[in-house]
Amino acid sequence: MPLKKELRFQITVYEDLNELAPKDQALMLQAVSARKNAYAPYSNFRVGAAVSLANAEIVIGSNQENASYPSGLCAERVAIFHAGAKFPNVSVNTVAITAASDNYEVTSPAAPCGNCRQAMYEYEFKQKQPIRLLLMGETGSIIECSSVDDILPLGFNSSFL
Ligand code: THU
């Protein structure tokens, strides 16, 4: 008989920024500020990310688009690669992500795309410590995920290579 397995994960939903712990609030505000430097002339969709590291540093990123669309990069990858480039051996604790649009108000949290999940998963697997995620739109509730693994189940990692 084939074995059926159920994969489950929990998220925490905060009503707004004020419900977050002060450190998380500050991290999300850094992501909001990073969002303002998004270069998004094609989508008008601006994303900011702030990475908090074990050495108490915060590194930021925003989406950077390109006339050749696939050459652009999402905020999460700009931020996590920025962290890897600046502090190569320091663990990532949390990534705060926020999205806004020039065309409408983003009132629910935007989830990282598949490529960004994979990119963040690489760092999580390498450091053997979960990376917590905080997701927010422009306004509205905030979702906390305890690890990248939760949102990328059955992920591919270096153990296969
Ligand atoms: N984008 C991000 O920066 N992060 C995501 O998780 C989803 C999408 C960017 C890529 C592109 O510049 C714009 O949002 C529209 O897809």
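Predicted, not measured: the structure shown is a model, and the values here were computed from it.

Conventions and cut-offs
- Residues numbered from 1 in each chain as written.
- Predicted model: local features only at pLDDT ≥ 70, side-chain atom pairs only at ≥ 80, totals over all residues.
- Heavy atoms only, no water.
- Phe/Tyr/Trp six-rings, centres within 6.5 Å; stacked < 30°, edge-to-face > 60°.
- Helix = DSSP H or I, 4+ residues; strand = E, 2+ residues; numbered from the N terminus.
- Buried < 20%, exposed > 50% of the residue type's maximum accessible area, 1.4 Å probe, protein only.
- Polar contact = N/O pair within 3.5 Å; in protein donor to acceptor, adjacent residues only side chain to side chain.

Student: Looking at this structure, I do not really get the packing of aromatic side chains. What am I missing?
Tutor: Aromatic rings in a pair are described by how distant their centres are and how their planes are angled relative to each other. Tallying each qualifying case throughout the model produces four aromatic pairs. Centroid distance Tyr-42 to Tyr-69: 5.5 Å. Interplanar angle 40°. Geometry classified as tilted. With Tyr-42 in the loop between helix 1 (22-35) and strand 2 (45-53) and Tyr-69 in the loop between strand 3 (58-62) and helix 2 (75-86), this residue pair connects regions lying 27 residues apart in the sequence. Residues Phe-81 and Tyr-123 carry aromatic rings whose centres are separated by 6.4 Å and whose planes lie at 50° to one another, so their mutual orientation is tilted. One end of the pair, Phe-81, is in helix 2; the other, Tyr-123, is in helix 3 (residues 114-127), and 42 residues separate them in sequence. We classify Tyr-123 as buried; its relative accessible area is 19%.

Student: Help me understand the side chain of Ser-101, please; the structure alone is not making it clear to me.
Tutor: Within the element layout of this structure, Ser-101 appears in strand 4 (residues 92-101). Residue class for Ser-101 comes out buried when judged on its relative accessible area of 11%. Reaching out from Ser-101, the side chain makes a polar contact with the backbone nitrogen of Asn-103 at a distance of 2.9 Å.

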